[in-house]
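The chain contents come next:
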Amino acid sequence: MVPGGEEADIGMDGFRSGSTEDENVHDKEEYRTFGYCSLPFVSLLSLFTTTGGFVFGYDIGVINGVKDMEEFKRFFGYEVPAYNFANATKPNLTTNAMATHNLTNGTWVNTTTYEISVDDQGWIVSAFSLGCLFMALASSPIMERAGRKVTILVGAAVFTVGGLLQSGAYYLWMVYTGRIVAGFGVGILSTSVPVYIAEIAPAEKRGRLVSLNQLSITAGIMVSFIVNLACRTYVHGWRISLALQSVFSLIFFVGMLFAPETPRYLMMKKQRAKAMESLNWIRTGRKRCVVSDSSVGKDILWEVNSIATEIEEGSVRGGSTWRDVFEWKIFRR
């Protein structure tokens, strides 16, 4: 709040109207710690964003349990006839056409099972990984053009479609298709989610907030095991297990609709005023960007200027290439 109780909006140049640059920008070292950051808000936003990692882990774990469920194998597998004697000392049958036949010494029991071929099991599992590999490589240009938030929304939507295809499958090719489409979605999310968290997190908290994504992947695997255990005895239990991943990703999609775009991406697109608004929302929990004479407003402005400087320095050095990944300095880290 400025004197007189009125709020001042951010101008297109990033400064409070009616003030000068000297009044807003300061280079004191203490402002670089971002002590004004509302850690609970940015932590909750980061934690929710890791739902993208959670669905990744869930899909990894759920398919291993689903492909071994008897009803799934009965639906998509082939019959393996087998007959055994129960309580019989000397089996003596002239025909095995009947599933159950009372004997003097025992009972002829039908123990027919269903199996899915090794090749089919391999494709069911690996189709997901193929989709992940392709879109993980292709998602970077999408992030640079459409933004981090939009890329995450696309990944969540694609994954939801893939999960629905799997849970509603009536033919094995539908399972394959659903696995590939879900892999596309996870490939997008596995690259965009860590970038989003890294760009909204304060520098001193960035490492631990980004690591939440890995924790969510592990949590997703654990939850998938619990769900499979609970659903394995139901006729359509495998459909329930597969459909839940779409429920999780749909909730993620809806929630991300209300999340802000990262300030760094907005600054890359020369949208300074929107970057100020986004950073104010992320750091203070207030959606409307207002800079007052308080240190909070000055800190937000200082951080935006720091982002602009980093972007400018990066453009001077030139863009990153695949060659940079294999440089020795990367391995020394």
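Source: prediction; values computed, not measured.

Parameters at a glance
Numbers given for residues are sequential positions, taken from 1 along each chain in its written order. For this predicted model, a pLDDT threshold of at least 70 governs which residues receive local features, and a threshold of 80 or more governs which side-chain atom pairs are given and counted, while totals over whole chains, interfaces and linings are taken from all residues. In computing side-chain properties, one takes all heavy atoms of the structure into account and sets aside hydrogens as well as water. Under the DSSP-based scheme used, a helix requires at least four consecutive residues in state H or I and a strand at least two consecutive residues in state E, with every element numbered from the N terminus. For the exposure calls, accessible area comes from a 1.4 Å probe over protein chains only, and a residue counts as buried if that area is under 20% of its type's maximum, exposed if over 50%, partly exposed in between. By definition, residues are in contact when any of their heavy atoms lie within 4.5 Å. The set of buried Ala, Val, Leu, Ile, Met, Phe, Trp, Tyr and Cys residues whose side-chain atoms join them within 4.5 Å is what this entry labels a nonpolar core. The pairing test for Phe, Tyr and Trp rings, Trp by its six-membered ring, is centres within 6.5 Å, and the orientation test on the planes gives stacked under 30 degrees, edge-to-face over 60, and tilted for anything in between. By the criterion adopted, a ring carries a charge over it if an Arg CZ or a Lys NZ lies within 6 Å of its centre and within 35 degrees of its normal. Patch members must show over 30% relative accessible area and no salt bridge, and they are joined within 9 Å when carrying like charges or within 5 Å when they are nonpolar side chains of Val, Leu, Ile, Met, Phe, Trp or Tyr. Only the protein chains shown count as cover for residues, with accessible areas throughout obtained via the Shrake-Rupley method and a probe of 1.4 Å. Put simply, a salt bridge is a Lys or Arg side-chain nitrogen that is within 4 Å of an Asp or Glu carboxyl oxygen. Axis geometry follows a simple rule: fit a line to the C-alpha atoms, using only the stretch in contact for helices, then measure angles between N-to-C directions, giving values from 0 to 180 degrees. Should an angle fall under 35 degrees it is called roughly parallel, over 145 degrees roughly antiparallel, and 65 to 115 degrees roughly perpendicular, with every other angle called oblique. Classification convention: Asp, Glu, Lys, Arg as charged; Ala, Val, Leu, Ile, Met, Phe, Trp, Tyr, Cys, Pro as nonpolar; all other residues, Gly among them, as polar. Multiply 1.5 Å by the residue count of a helix minus one, and that product is the helix's expected span. Fitting one axis to the seven residues ending at a residue and another to the seven starting there, the bend at that residue is the angle between the two axes. N or O atoms closer than or at 3.5 Å make up a polar contact, with two conditions inside protein: a donor-capable atom paired with an acceptor-capable one, and, for residues adjacent in sequence, both atoms drawn from side chains. Should the near helix be turned counterclockwise from the far one by less than a right angle, the crossing is left-handed, whereas a clockwise turn marks it as right-handed. pLDDT runs from 0 to 100 and stands for how confident the predictor is about each residue.

A. The arrangement of the side chain of T51 in detail. Counting through the fold element by element, T51 comes out in helix α3 (residues 51-66). When its relative accessible area of 18% is taken as the criterion, T51 is described as buried. Once you skip the residues sitting within four places of it in the chain, T51 turns out to touch F248 and F252.

B. Structural detail: the nonpolar core. Judged by nonpolar contacts, the single largest core of 26 residues is most densely connected at I152, Y196, F252 and M256. Top contributing element to this core by residue count: helix α7 (residues 172-200), with seven residues. If sequence neighbours within four positions are ignored, Y196 has contacts with L45, T49, R148, K149, I152, M256, A259, P260 and T262. Ranked by size, the runner-up nonpolar core spans 17 residues in total, among them Y58, V62, I63 and M174.

C. Geometry of the packing of aromatic side chains. One pass over the full model with this rule turns up 11 aromatic pairs. Taking the centre distance of 6.0 Å and the plane angle of 50 degrees together, the rings of F134 and F184 count as tilted. Of this pair, F134 sits in helix α5 (residues 118-146) while F184 sits in helix α7, and the two are 50 residues apart along the sequence. Looking at F184, the relative accessible area reads 28%, which means it is partly exposed. Taken together, the ring pairs in this structure connect F72, F75, F76, Y170 and W238 into an aromatic cluster. Lying over the aromatic face of F75, R239 brings its terminal NZ or CZ to 5.1 Å of the ring centre.

D. Region of the structure containing a nonpolar patch on the surface. A surface patch of nonpolar side chains, about 530 Å² in accessible area, is lined by F75, Y170, Y171 and W173. Mapping Y171 onto the fold places it in the loop between α6 (148-167) and α7. Here Y171 falls in the exposed class, since its relative accessible area comes to 53%.

E. Just the packing of α5 against α6, in detail. Put simply, α5 and α6 touch, their axes get as near as 7 Å, and they point 130 degrees apart. The angle between α5 and α6 falls in the class oblique. Residues I142, M143, E144 and A146 of α5 form the contact with α6, whose participating residues are R148, V150 and T151. Residues of the contact of α5 with α6, tallied by class, amount to four nonpolar, one polar and two charged.

F. Spotlight on α5. The first and last C-alpha atoms of α5 sit 41 Å apart over 29 residues, in line with the 42 Å expected at 1.5 Å per residue. At A138, α5 shows its maximal bend, which comes to roughly 35 degrees, and the proline P141 appears one to four places after that position. Buried residues of α5: I124, A127, F128, G131, C132, M135, S139 and M143, and no others. Tucked inside the fold, the buried residues of α5 contact α3, α4 (70-76), α6, α7 and α11 (263-268). Two residues or fewer after α5 comes G147, characterised by a positive phi angle close to 105 degrees.

G. Inspection of the side chain of S241 at higher detail. Mapped onto the elements of the fold, S241 is located in helix α10 (residues 237-256). A residue is classified by how much of its surface remains accessible, and S241, at 0% relative accessible area, is buried. Of the polar contacts made by the side chain of S241, one reaches the side chain of N228; its length is 3.0 Å.

H. Quick peek at unusual backbone geometry. Of note, the phi angle at K270 is positive, near 65 degrees, even though the residue is not glycine. Here K270 lies in the loop between α11 and α12 (272-284). K270 gets classed as exposed once you look at its relative accessible area, which sits at 72%.

I. The arrangement of the packing of α3 against helix α9 (residues 212-231) in detail. It is the contact of α3 with α9, at a shortest axis distance of 6 Å, that shows an interaxial angle of 30 degrees. On the basis of their axis angle, the class for α3 and α9 is roughly parallel. Crossing handedness for the pair α3 and α9: right-handed. Residues G53, F54, F56, G57, Y58, G61, V62, G65 and V66 of α3 form the contact with α9, whose participating residues are N213, S216, I217, A219, G220, I221, V223, S224, F225, V227 and N228. In terms of residue class, the contact of α3 with α9 is built from 11 nonpolar, nine polar and no charged.

J. Representation of the confidence of the model for the protein in the model. Taken over all residues, the pLDDT of the protein has a mean of 80, while the share at 70 or more is 72%. Residue range residues 1-35 is modelled with pLDDT below 50. Its contacts to residues more than four positions away, or to other chains, number 61 contacts. Segment residues 87-104: pLDDT under 50, and 28 contacts once partners within four positions in sequence are set aside and those in other chains are kept.

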